[in-house]
Amino acid sequence: MAYTLNVNGKALSADVDGDTPLLWVLRDTLNLVGTKYGCGVAACGACTVHIDGQPMRSCQIPVESVGKAKVSTIEGMAANPVGKKVQAAWTELDVAQCGYCQAGQIMSATALLTKTPKPTDEQIDEAMNGNICRCATYVRIRAAIKRASGQKEA
Amino acid sequence: MTYHDKSPPESGANRREVLVSVGAGGLTLGFAMAGKAHAQDDALRPLNAYVTVAPNGQVTILAKSPDVGQGVKTMLPMLIAEELDVAWEDVRVEMAPNDPKTYGRQFAGGSMATPMHWDELRRVGAVARAMLIQAAATAWNCGPGDCTTTPGHVVHKPSGKKRTYGSLALACASVTPPDPKTVPLKDAKDYRIVGKPQPQYDTAKIVTGQPLFGIDQRRPGMLYATFIKAPVFGAKVASADLEAAKAVKGVKAAFIVEGDPNAFTPGPGQIGQGLMPGVAVVADSWWAARKGRDRLNVKWADHPSAAQSSAGFAAKAKELAAGKGVRQTRNDGDVDAALKGAAKTVEAAYAYPFLSHANLEPQNCTAEFKDGKLEVWAPTQNPEPGRQLCAKTLGLKPEDITVHMVRGGGGFGRRLANDYMVEAAWIAREAKAPVKLVWTREDDMQHDHYRPAGWHFLKGGVDAQGNLIALSDHFVTPSHGEGPAPSAGMSAAEFPARFVPNVRYEVSPMPLGVPTGPLRAPGSNALAFVFQSFIDELAHAAGQDPLAFQLKLLGDKDVVGEPPAAFGAGRMRGVLKAVGEMSGWADRGKLPKGEGMGVGCYYSHLGYFAEVAHVAVSPDGAVKVKKVWVAADVGRQIINPAGALNQVQGSVLDGLSEALHQQITIANGAAEQSNFTDYPLMRISEACPVEVKFLKTDFNPTGLGEPALPPAIPALTNAIFAATGKRVRSLPITPDMLKA
Ligand code: FES
Ligand code: FES
């Protein structure tokens with residue numbers, strides 16, 4: 001069945017089964033491969049997107065349930081003022097090692113800073129704990145969130 | 001246009017083959033030292049075509065080896081760019097083709113990128129610079145000695161006139177490259193790129209989500225595949241309902257792959273599996289392929305290793321330990337007599353589990369088979385052995401196979417094996433279409449080549465003065481046939497051998513049907529825990545400060561043993577002293593109750609590391625690591641400080657994550673864990689600050705992908721002992737072990 005999705009402000013259509021997770025529609029059908037597959041069970045955060053501004057695991061969202069909601073992905077973050085700041089901090093601090101988790105990290109961090117512009121360490125832990133970094137770049141992820149929020153880094 | 005310019009053969013062994021290719025208005029320069037005899041006595045491998053200078057000044061440098069997060073796509077070209085003398089901002093980096101004849105071994109492993117290339121790639125840059133100077137000197141009708149360079153320009157010293165590299169590029173075609181062995185190199189104080197933090201070259205793509213990784217590849221007309229293998233490693237397919245899978249919308253093909261049930265027991269020196277038996281489902285989307293797979297209802301044939309279990313392994317290890325070791329690998333002095341005469345003795349059994357690599361990007365590969373030729377896009381750490389494996393398995397000539405190295409979402413040794421590559425190649429040929437194979441997370445965790453579990457039975461003794469005088473270890477380790485299974489061996493020189501007068505190492509192999517292989521700092525990631533913890537036990541038995549005990553143990557010689565097993569005792573003392581100062585070790589007695597500091601040190605991958613962990617353990621046994629300090633000696637030059645620090649911090653946290661959380665257990669012949677829900681990794685709330693100091697010593701620089709990991713684990717377990725009086729002798733650490 002054909003679904004019309006609002007992704008990064010564009011109407012995109014996908015002819016897929018309704019139970020297909022949004023993750024795979026983005027990656028395989030819409031060719032937006034920045035959103036990553038890590039676990040498929042909401043345990044790693046690599047597939048994080050924003051649904052109406054809320055960070056959500058796209059591996060858990062059947063495409064039929066998306067409806068008219070606004071979907072934002074890592075490919076759309078440069079057009080989001082907070083996302084852009086987060087990307088800049090990630091670049092300046094050279095956060096990534098392999099980089100595979102970082103799209104999801106940036107999506108979670110952008111959602112955090114949109115709601116909480118100056119997060120404490122505890123708020124960072126809470127918002128970011130669903131995002132695994134196998135390379136363990138956590139020290140820099142924390143520093144980059146602080147930098148993007150204009151706080152002291154250590 | 002490409003042509004070979006063979007300089008006159010001086011002698012068979014000394015002939016230098018120069019390859020110059022002038023592409024679309026640009027110049028590629030490189031050189032190959034031809035001839036086997038020459039290659040042997042020369043540190044330089046055949047080299048070729050790393051640098052292109054376009055007439056518009058664009059400089060392209062090829063990155064030789066795959067990047068899986070260790071940063072070599074940035075670091076290796078930095079070495080060339082430095083000596084070429086260009087601004088880093090002006091350099092475009094591209095991956096080299098997989099072509100070992102031109103580039104030598106291209107792989108990501110063993111923390112070898114730095115020691116293998118530090119000299120070689122700087123010379124590549126320096127030769128290119130010398131050619132540009134020669135081209136300018138010819139144009140100016142002066143000697144090359146009258147010229148120098150500033151980034152991107154050759155400068156005529158007497159007049160100050162300048163020419164851009166781009167304007168000289170074409171003229172280089174007629175310049176004979178100088179001998180790379182004698183080309184002058186920069187003085188370190190003149191470095192503009194090396195030693196300055198450079199963000200990873202692919203950062204912009206990473207933070208904006210552009211296609212980059214293996215899993216992001218796409219070919220015209222591509223289909224998606226999933227491949228199910230038996231939970232019991234190597235079991236064959238008895239039956240599968242292929243028609244049910246094919247009935248799912250979007251599924252194009254479903255078929256059984258006979259494979260090789262013994263594919264995971266490779267011969268000596270080989271790594272990882274070949275093509276295992278299983279069932280492939282190919283569809284127009286990965287989700288459809290997965291749905292088809294769920295309908296397969298595969299029945300697996302009986303397999304002898306279905307009776308295996310972790311509990312069984314542990315019981316067998318204990319039984320083997322009661323007897324003499326099957327092999328004695330070291331016997332210095334008289335251990336039994338020394339133990340009898342010791343003032344204090346300690347006896348302890350240590351164990352560690354199988355571990356999964358858990359790369360965040362599951363194994364995957366894209367393959368296209370056309371006109372008898374195979375092309376693969378693989379996030380591999382080891383492209384050439386993958387090509388050879390595909391050739392052997394599919395009956396192709398290696399020259400008919402092209403392997404493109406694409407970024408891997410984490411390596412950690414998992415991608416030294418190429419099982420996913422040969423699977424994708426086979427499936428693409430059967431499906432008669434380009435195919436992207438993506439493993440599920442569950443496939444990935446249940447079909448790893450695991451860090452081998454191991455069991456050590458130790459005895460040690462100290463004399464009345466607190467000197468370590470005797471140590472013995474009976475190591476029970478997984479084996480396939482005679483020798484240890486991949487990454488399950490132990491060197492006869494394992495520390496503290498050579499520093500203690502009476503040492504005996506014995507090994508008993510335990511055959512098992514679980515695939516094993518290298519995980520970041522293979523061997524060391526387990527042995528550091530065992531030996532550094534046991535040495536800590538002996539220090540406490542002797543009533544001594546553990547750090548002082550280790551310093552004393554290291555003696556007063558700078559180097560002990562001969563290469564390749566030489567141990568830089570002086571370098572290890574240096575990092576131990578440094579970490580003691582950084583961490584405030586001397587004041588650790590002032591820590592509150594329930595907190596403690598521990599020290600561990602280890603030499604691996606040519607690097608010397610000492611680390612101190614500060615932990616707090618709550619009465620219910622929960623461990624909080626508050627901070628880790630690291631003193632490192634990897635020689636005189638940190639090439640990219642940004643990447644270097646990231647690697648060290650990541651390695652330390654990776655080690656803590658292994659020790660605090662991770663284990664793969666085997667039941668009924670299969671891995672019990674299957675996802676991050678039952679195989680947890682460290683998360684940000686647990687990640688502590690890691691303070692790192694690199695000591696500068698007068699040795700050639702060495703690598704940083706691995707050596708910071710091993711000592712982190714004993715630093716942690718020794719800190720737990722200091723905090724609680726409880727000795728951790730098996731991993732992972734559980735709150736039950738530490739409850740007050
Ligand atoms: S892939 Fe969705 S949370 Fe891991
Ligand atoms: S950078 Fe590799 S998983 Fe985070």
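Residues numbered from 1 in each chain as written. Chains lettered and ligands numbered in written order. Predicted model: local features only at pLDDT ≥ 70, side-chain atom pairs only at ≥ 80, totals over all residues. Heavy atoms only, no water.

Engineer: Can you explain the pairing of strand E22 (residues 468–479) of chain B? Please cite residues and give values.
Structural biologist: Residues and elements named next belong to chain B. Here E22 lies mainly inside the structure; 12 of its 12 residues are buried. By the bridge criterion, eight bridges tie strand E21 (residues 454–462) to E22 in an arrangement that is antiparallel. Pairing of valine 462 across the sheet is with leucine 468, part of E22. Between the antiparallel neighbours E21 and E22 lie five residues, among them glycine 466 with a positive phi of about 85°. (Buried < 20%, exposed > 50% of the residue type's maximum accessible area, 1.4 Å probe, protein only. Helix = DSSP H or I, 4+ residues; strand = E, 2+ residues; numbered from the N terminus. Pairing = 2+ DSSP bridges.)

Engineer: Tell me about the nonpolar core, residues and numbers included.
Structural biologist: Nonpolar side chains in soluble globular proteins generally cluster together in the buried interior. Core analysis: the biggest nonpolar cluster contains 164 residues, and Trp90(A), Val623(B), Leu656(B), Phe676(B), Leu716(B) and Ile733(B) have the highest contact counts within it. By residue number, the principal contributor to this core is helix H14 (residues 524–541) of chain B, which donates 11 residues. Discounting chain neighbours no more than four positions away, the residues touching Leu656(B) are Val625(B), Val628(B), Met682(B), Cys688(B), Ala712(B) and Leu716(B). Grouped together as the second largest cluster of nonpolar side chains are 49 residues, Leu79(B), Trp88(B), Val93(B) and Val124(B) included. (Core = buried A, V, L, I, M, F, W, Y, C linked by side-chain atoms within 4.5 Å. Contact = heavy atoms within 4.5 Å.)

Engineer: Outline helix H8 (residues 286–294) of chain B, supporting the account with residue identities and numerical values.
Structural biologist: Taken across its nine residues, H8(B) has seven buried, putting it largely inside the fold. Within the sequence span of H8(B), burial applies to Trp286(B), Trp287(B), Ala288(B), Ala289(B), Lys291(B), Gly292(B) and Arg293(B).

Engineer: Explain the pairing of strand E20 (residues 435–438) of chain B to me, using residue names and the numbers behind them.
Structural biologist: On a regular strand, one side chain projects to one face of the sheet and the next to the other, so that they alternate. Residue and element names in this part refer to chain B. Residue alternation in E20 divides its side chains into two sets, Val435 and Leu437 and Lys436 and Val438, and both sets are buried. The pairing of strand E10 (residues 223–229) with E20 spans three bridges and is parallel. From the neighbouring strand, tyrosine 224 faces E20, where its bridge partner is lysine 436. Pairing between strand E17 (residues 364–370) and E20: four bridges, direction antiparallel. Within E20, the residue paired with cysteine 365 across the bridge is leucine 437.

Engineer: Tell me about the pattern of salt bridges, and please be specific about residues and values.
Structural biologist: Residues and elements named next belong to chain B. Tallied over the full model, the rule gives 49 salt bridges over all chains. A salt bridge links glutamate 258 to lysine 236; its shortest N-O distance comes to 3.9 Å. Here lysine 236 lies in the loop between E10 and strand E11 (237–239) and glutamate 258 lies in the loop between strand E12 (251–257) and strand E13 (278–283), a separation of 22 residues in the sequence. We classify lysine 236 as partly exposed; its relative accessible area is 37%. (Salt bridge = Lys/Arg side-chain N within 4 Å of Asp/Glu carboxyl O.)

Engineer: Pulling in residues and values, what's your account of the sheet that holds strand E4 (residues 54–57) of chain A?
Structural biologist: All names here are of chain A. In spatial order, the strands read E2-E1-E5-E3-E4; together these five strands make up an open sheet with mixed pairing. Looking at which strands have only one partner, the edges of the open sheet turn out to be strand E2 (10–15) and E4. Sheet twist, expressed as the mean angle between neighbouring strand axes with direction ignored, is 45°. Note that strand E3 (residues 48–51) and strand E5 (residues 70–72) share two bridges and pair antiparallel. In the strand pairing of E5, isoleucine 51 is matched with valine 71. (Axes fitted to C-alpha atoms, helices over the stretch in contact; angles between N-to-C directions.)

Engineer: Outline the domain arrangement of chain A, listing residues and values.
Structural biologist: As a measure of interface size, the accessible area lost when the parts come together is often cited. Residues and elements named next belong to chain A. Under the domain assignment used here, chain A contains domain 1 (2–73) and domain 2 (77–148). A separation of 20 Å is found between the C-alpha centroids of domain 1 and domain 2. Each partner contributes to the interface: domain 1 provides 15 residues, whereas domain 2 provides 11 residues. Of the roughly 1000 Å² buried between domain 1 and domain 2 on both sides combined, carbon and sulfur atoms contribute 56%. Contributions of two or more residues to the side of domain 1 that touches domain 2 are made by E3 and E4. Among the elements that line the side of domain 1 that touches domain 2, the one with the most residues is E3, at three residues. Split into classes, the residues belonging to the side of domain 1 that touches domain 2 amount to six nonpolar, seven polar and two charged. (Domains from an automatic or database assignment. Buried area = accessible area lost by both parts, 1.4 Å probe. Nonpolar A, V, L, I, M, F, W, Y, C, P; charged D, E, K, R; others polar.)

Engineer: So what's going on with the interface of chain A and chain B? Which residues, and what values?
Structural biologist: With 50 residues of chain A at the contact, the number on the chain B side is 59 residues. Carbon and sulfur atoms supply 56% of the area that chain A and chain B bury against each other, a total of about 4500 Å² over both sides. Broken down residue by residue, the surface that chain A buries against chain B is led by Gln97(A), Arg134(A) and Tyr138(A), which jointly contribute 18%. On the surface where chain A and chain B come into contact, there are six salt bridges. Across the chain A-chain B interface, the total number found is 33 residue pairs in polar contact (both at pLDDT 80 or more). Breaking the side of chain A that touches chain B down by element, the ones donating at least two residues are helix H1 (22–29), helix H2 (81–92), helix H3 (102–115), helix H4 (121–128) and helix H5 (138–148) of chain A. Residue contributions to the side of chain A that touches chain B peak at five residues, all from H5(A). Counted by class, the side of chain A that touches chain B contains 26 nonpolar, 13 polar and 11 charged residues. (Polar contact = N/O pair within 3.5 Å; in protein donor to acceptor, adjacent residues only side chain to side chain.)

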